[in-house]
Amino acid sequence: MEYSRATQRAIAYMEEHLSEEIQLVSLPKIVGYSRFHLSRIFKLETGLTIGEYIRVRRLATAASYLLYSDESILTIAFELQFQSQEAFTRAFKDVYKLPPGKYRKLMQSLSMMEEEQAMNAQQPIKGWLLSGANPELYGFQVDEAVFHAGTKSGVLYAKEVTNNREHFATMMQGFQAHAYKGKRLKMSCYLKTAQVTKCGAWLRIDNGTGDTIQFDNMDNRSIQGTTEWNHYSIVLDVPEESASIYFGVLLIGAGKVWADGFRFEEVDNKVPTTNMLTQEQLPKQPFNLDFSE
């Protein structure tokens, strides 16, 4: 998990300075690794180079500005550290398949249509469901104004302000374990929070009788309060008797959490698992039998 924390520190710095010139030479000092080692860790954790991450996030921020601000394309380009409007247009078109001006017109018109439809009925989100102990106290929907990359994220939120830790809900889905049997599985995603009591991603492996045999819900490294986008991961083994895999984001108490960019990949046994069901190693001998210590 040390590599995950290093990646998170690097991302926190970059998120804070997206509209500034990011000095990559400063990152190793902030994170505590050499530039070469940090680059390797970051690519291993996120699947992106540091430069690619900055580019993706700046373009996603630009897409949001185009939809929800009146700033000119030139102003947006310079604010996000592109050297010219032409360079910004080329980069934006590579990712969003439209030049910024056409993207703004098309997406704003589509957004108006979707808002009208949303007023009539709340549409279910394909592949996802809302569950938990108190799903009626929570809402879950697609958010087109806040996203890590692309154009949308999923947001889970408490309908009322409450810090009751017995109230919780999750946005989740499940799939068959067949493709990952006998392998070590890493799930990662990006999360952003607003005034949450407690939240985190989770991953669970069940066998054929429905018993949970591997599990982690980030309880020992949960997210609290308000945080910017960052990268979180869970690593579990998928034993041969596994039948199903479930995952999602858990919100306990109050607040709002956005999720984006879920990713599943096989990793080797050098990557430690985060399984919370692992029993602590027993001592070799009994001790303090007379209660004197």
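You'll find the structure just up there.
**A look at the overall build of the protein chain**
Looking only at helices and strands, one finds seven helices and nine strands in the protein chain. Overall, the protein chain is about 75 × 50 × 40 Å in size when its C-alpha atoms are taken along their principal axes. Per-residue burial for the protein chain yields a buried fraction of 41% across its 293 residues. A fraction of 74% describes how many contacts in the protein chain between residues 6 or more apart in sequence connect residues 24 or more apart. In the form shown here, the protein chain has an accessible surface area of approximately 16400 Å², with 52% of it arising from carbon and sulfur atoms. Counting 31 positive and 35 negative side-chain charges, the protein chain places the averaged centre of each group 7 Å from the other.

**Concerning helix 1 (residues 2-16)**
The terminal C-alpha atoms of helix 1, which comprises 15 residues, lie 21 Å apart, in line with the 21 Å expected from a rise of 1.5 Å per residue. Buried residues along helix 1 sit in contact with helix 2 (27-31), helix 3 (35-46), helix 4 (50-68), strand 5 (183-207) and strand 7 (223-238).

**Section: the environment of Val25**
Here Val25 shows up in the loop between helix 1 and helix 2. Judged by its relative accessible area of 51%, Val25 is exposed. A sequence separation of 10 residues divides Val25 from Arg35, and the C-alpha atoms of the two residues are 7.3 Å apart.

**Notes on unusual backbone geometry**
Across residues other than glycine, the phi torsion is negative in most instances, and most of the peptide bonds are trans. A positive phi is found at Gln195, a non-glycine position, where the angle reads about 55°. Taking the relative accessible area as the measure of exposure, Gln195 reaches 65% and is therefore exposed. One non-glycine residue, Met218, lies in positive phi territory at about 60°. The topology assignment puts Met218 in the loop between strand 6 (212-216) and strand 7. Take Met218: its relative accessible area is 1%, and that puts it in the buried class.

**Some points on the side chain of Asn275**
Among the secondary structure elements, Asn275 is positioned in the segment after strand 9 (256-267). At a separation of 3.0 Å, a polar atom in the side chain of Asn275 contacts the main-chain amide nitrogen of Phe215. In this structure the side chain of Asn275 is engaged in a polar contact, spanning 3.1 Å, whose partner is the backbone nitrogen of Leu277. Among all residues touching Asn275, those that are not within four sequence positions of it are Ile213, Gln214, Phe215, Val235 and Leu236.

**Topic: the packing of aromatic side chains**
Across all of its chains, the model carries 16 aromatic pairs by this definition. Arranged with centres 5.7 Å apart and planes meeting at 85°, the rings of Phe42 and Tyr53 form a pair that is edge-to-face. In this pair, Phe42 sits in helix 3 while Tyr53 sits in helix 4, placing the two residues 11 residues apart along the sequence. The same class applies to Phe42 and to Tyr53, which are both buried.

**Things to note about helix 6 (residues 85-96)**
For helix 6, which comprises 12 residues, the first-to-last C-alpha distance of 16 Å matches the rise-based estimate of 16 Å (1.5 Å per residue) to within 8%. Downstream of helix 6 by a residue or two, Lys97 has a phi angle that is positive, lying close to 65°.

**A word on the pairing of strand 3 (residues 153-158)**
For strand 3, the buried fraction is high: five of the six residues fall into the buried class. Inspection of the sheet shows strand 2 (residues 138-143) paired to strand 3 by six bridges, in the antiparallel sense. Considered in strand 3, the bridge of Gly139 is made with Tyr157. Strand direction decides the pairing type here: strand 3 and strand 9, joined by four bridges, are antiparallel. Each bridged residue has a counterpart across the sheet, and for Leu156 the counterpart in strand 9 is Val257.

**So, the pattern of salt bridges**
Under the criterion given, the structure shown has 11 salt bridges. The salt bridge involving Glu228 is made with Lys192; its shortest N-O contact spans 3.0 Å. Taken together, the residues span a long stretch of sequence, with Glu228 in strand 7 and Lys192 in strand 5 at a distance of 36 residues. Classification of Glu228 as partly exposed rests on a relative accessible area of 43%. Measuring nitrogen to oxygen at the nearest pair gives 2.6 Å for the salt bridge that ties Asp216 to Arg221. Judged by its relative accessible area of 0%, Asp216 falls in the buried class. Its relative accessible area of 23% is what places Arg221 among the partly exposed residues.

Criteria and thresholds
- Residues numbered from 1 in each chain as written.
- Predicted model: local features only at pLDDT ≥ 70, side-chain atom pairs only at ≥ 80, totals over all residues.
- Heavy atoms only, no water.
- Helix = DSSP H or I, 4+ residues; strand = E, 2+ residues; numbered from the N terminus.
- Buried < 20%, exposed > 50% of the residue type's maximum accessible area, 1.4 Å probe, protein only.
- Contact = heavy atoms within 4.5 Å.
- Areas by Shrake-Rupley, 256 points an atom, 1.4 Å probe, with all protein chains shown as cover.
- Lys, Arg positive; Asp, Glu negative; His and termini not counted.
- Charge placed at Lys NZ, Arg CZ, Asp CG, Glu CD.
- Expected span 1.5 Å × (residues − 1).
- Polar contact = N/O pair within 3.5 Å; in protein donor to acceptor, adjacent residues only side chain to side chain.
- Phe/Tyr/Trp six-rings, centres within 6.5 Å; stacked < 30°, edge-to-face > 60°.
- Pairing = 2+ DSSP bridges.
- Salt bridge = Lys/Arg side-chain N within 4 Å of Asp/Glu carboxyl O.

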